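# Residue-level structure breakdown
As a plain string of letters, each chain reads:
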Amino acid sequence: MKRLLIAAFMLFIFGGRVIADEGMWLPLLLADKQADMQKNGMKITAEDIYSANKSSLKDAVVLFGRGCTGEFVSAEGLLLTNHHCGYGSIVRHSTVEHDYLTNGFWAKNKQEELPCAGMSVTLLVYMKDVTKEVLQGVGDNISEEEREKLIERNIAAIRKKATEGTHYEAVIKPFYYGNQYFMYVNEVFNDVRLVGAPPSNIGKFGGDTDNWMWPRHTGDFSMFRVYADKDNKPAGYSEDNVPYVPKRHLRINLKGAQEGDFTFVFGYPGTTKQFLTSDAVDFVQNMDDPIRIKLRTIRLDVYNRAMNESPAQRLRYASQVASVANGWKKWQGEVRGLKRLNAVDKKKAFERDFESWAADKEMYRNVLPMMRETYSAIRDLNLQYTYLSEAVLVSDLMHRAKQLSALVDYAKKGELDKANLEKTVTEGYAELQKHYSNDYANHRRVDKEIFIRTMSVFYNDYAKDKYAWLKDIVVKQYDNNPEAYFDEVYENSLLSNPAKAEKILKNFKAKQIKKLENDPAIELFANIWTQYAEKDRFTLATLDTKLDSLYRVYVDGIMKKDNKKEFYPDANLTLRVAYGNIKTYEPKDGIEYKAFSTIEGIMEKENPEIYDYVVEKKLKDLYLAKDYGPYANEKGEMPVAFIASNHTTGGNSGSPVLDANGDLIGINFDRNWEGTMSDVMYDPSQCRNISLDIRYCLFIIDKFAGAKHLVDEMTIVK
Ligand code: ARG
Ligand code: GLU
């Protein structure tokens, strides 16, 4: 009874809205959320956050590269993002002699800033609901194919009209699986320069060991500057470019915030899948994630051993390992979280409910049965795709085999004439030669182990039942020992033997094509790939499209059924606002995690023997002298990171974390392990985003790196 009363009371205060904290809201529609945000402590308005007409916070937030967020913090285009977002650029500028990744980099003036070729920064000018225009002419009786074509044509026309005579670029994306469409009109800047990065033992302190975990002590930030032409417009790299003057840059709050305070994250979340059906969740939890985890465990084992052998090897594999390890660990959290939530059962219950509601509705009655059918048809194809991407296409050997097998294929089909075949192979050889000259003996060892071990898992867990020809070879010629077979493939391929490769590829003649075709690695690859390339991938794409259109109906039904609830669309790498509070959580019975971490934790974790936990002397000296300058908190401590209940996902990395006044208090860089299932199912008691405290960031720039001139560019509210 008491429970019921409480439930009734909760319903009374919260109405039918989404449970506090869940949701990634569209800036354009934020007026709908303003009252709730203000009730939670926000002191500004929705218009202060997003406005198409006057300067607003959105003018300070950018899509950094293709999958991170960044924010302007000075009137001279100075940009903050995560260290792991700047990682690729930092690695590209690093050599064993100038190892910025390990030692950090700080430009003392603008001349020293390093241009990052290929890096772009995308700034939203305005967004617009274009659902009506996109669906113009799309009637109820139109086929899916026609629908797609029509929409594509409409989108092209709308984009053209929106950008004609401007330097803008327009993107139109579907929301709720195509029940709605929004257009984003952007400015894209391509002259982006590296300004500063802390050494790895600050920017990646705790490494992959601490990744996805709280409490955290990573100084995960790096700094860039955006340059524009003399008219403040985007331009390709040029010495004549000048720092871009943003319409708005963020003010920085050095007072910090307290547990319970309102905070919001403004950035570009990449992908969430809140509407997945039980079949799909079951596949993620029990097939896809576990297979990926198993295969990546092997790769990480091999890479990590190699990286501990020499600094050159550490640099060589750093970027790749960071990304392999990141997914590997996230999925482990996701599986646990989904199990803990009984996500599959919850989804099933939800579906039963939906079906009884839909029973008398022509439009929605059949949608779930059809989805079930489609999921059972797509299951093996999805599985195949998982194995192709996590086992077959992970070694250098197979990547190169893929390239050559494609050439053989084109040549055989007559799509590539003799002369072009010879030219392409020879050109490819030049690249291969570079690869051989880069410490090939060590790399070959690493690559070979990865190849043999991942392919053996692929064989034992999947391929032996799928490919009779492969099983035949392994059983009959290799005494049922797949390792022995894959070992021989590696040893005998011309691709892993520089002398052989030179002989055949350097001055390749078309009549030698058999030498390629019969190469054991190329042949193996081609045999696995052909069925996928010629048939399976098309079936997969067709079924995916079918699922998408079924989701469109299903999600439309869900929203009609629960029409009092406020829905938010899944993340799709468009600008969103997530809000919540700085908040503790209980990962397990009897344990409560605090909301803030401090420099004390860095010293607790310090271990000169372990790469991830080395603390630089300079930082230690500052700690011992308690020399924190104006960056300490009210108790004289140096805060490092904090957690809050903002709903975020991959892509939110680097996002500004703002306080009630819209001032910067942190940089988002992670989520907690217990909460990574929020991409599929959110749990307000467990899901937290992890942010770098802006005070630690400024302390590192000023006190540690001696780059106070960068702090002086910023606007600090004291
Ligand atoms: N987990 C964070 C994210 O998803 C950080 C990843 C980079 N750090 C790492 N140790 N690999 O991007
Ligand atoms: N580190 C993630 C990123 O690169 C953010 C963490 C998350 O997935 O929430 O975007």
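Residues numbered from 1 in each chain as written. Chains lettered and ligands numbered in written order. Predicted model: local features only at pLDDT ≥ 70, side-chain atom pairs only at ≥ 80, totals over all residues. Heavy atoms only, no water.

### Observations concerning the packing of aromatic side chains
A complete count under the given rule lists 34 aromatic pairs for this structure. Summarising the aromatic geometry, the rings of F262 and Y579 are spaced 6.2 Å apart at their centres and angled 35° between planes, so their arrangement reads as tilted. Here Y579 lies in strand β14 (residues 576-581) and F262 lies in strand β13 (residues 262-267), a separation of 317 residues in the sequence. Across the pair, Y579 and F262 agree in class, each one buried. Pairing F354 with W357 gives two aromatic rings, centres 5.4 Å apart and planes at 50°, and the pair type is tilted. Placement of both F354 and W357 in helix α12 (residues 343-358) is noted, with a separation of 3 residues, approximately one turn of the helix. Through a chain of ring-to-ring contacts, three or more aromatic side chains come together here, namely Y177, F354, W357, Y364, Y551 and Y554. In this structure, K561 packs its charged tip against the face of F350, placed 5.7 Å from the ring centre. Cation over ring: K626 sits above Y623, and NZ or CZ is 4.1 Å from the ring centre. (Phe/Tyr/Trp six-rings, centres within 6.5 Å; stacked < 30°, edge-to-face > 60°. Helix = DSSP H or I, 4+ residues; strand = E, 2+ residues; numbered from the N terminus. Buried < 20%, exposed > 50% of the residue type's maximum accessible area, 1.4 Å probe, protein only. Lys NZ or Arg CZ within 6 Å of the ring centre and 35° of its normal.)

### A look at the pattern of salt bridges
For the structure on display, the rule yields 52 salt bridges. R372 serves as the salt-bridge partner of E355, at 3.0 Å between the closest nitrogen and oxygen. Separated by 17 residues along the polypeptide, E355 in helix α12 and R372 in helix α14 (residues 367-390) bring together distant segments of the chain. Its relative accessible area of 27% is what places E355 among the partly exposed residues. Residue classification places R372 among the partly exposed positions, given a relative accessible area of 32%. The residue E362 makes a salt bridge to R365 at a minimum N-O spacing of 2.8 Å. With E362 and R365 both in helix α13 (residues 362-365), this residue pair falls 3 residues apart, about one helical turn. Residue classification places E362 among the exposed residues on the basis of a relative accessible area of 59%. For R365, a relative accessible area of 36% puts it in the partly exposed group. When salt bridges that share partners are traced, they join D288, R292, R296, R299 and E390 into one network. (Salt bridge = Lys/Arg side-chain N within 4 Å of Asp/Glu carboxyl O.)

### As for the state of the cysteines
Each disulfide consists of a covalent bond between the sulfur atoms of two cysteine residues. Evaluated as defined, the whole model comprises 1 disulfide. Here C68 connects covalently by a disulfide to C85, the sulfurs 2.1 Å from one another. Note on the C68 and C85 pair: the S-S dihedral is about -75°, so by sign convention the disulfide is left-handed. Highlighted residues: C68 in strand β2 (residues 68-72) and C85 in helix α4 (residues 83-92), separated in sequence by 17 residues. C68 sits in the buried class, given a relative accessible area of 10%. Of all cysteine sulfurs, the one in C85 lies closest to C697, which takes part in no disulfide; the gap is 13 Å. On the basis of relative accessibility, which here comes to 0%, the residue C697 falls in the buried class. (Disulfide = S-S within 2.5 Å.)

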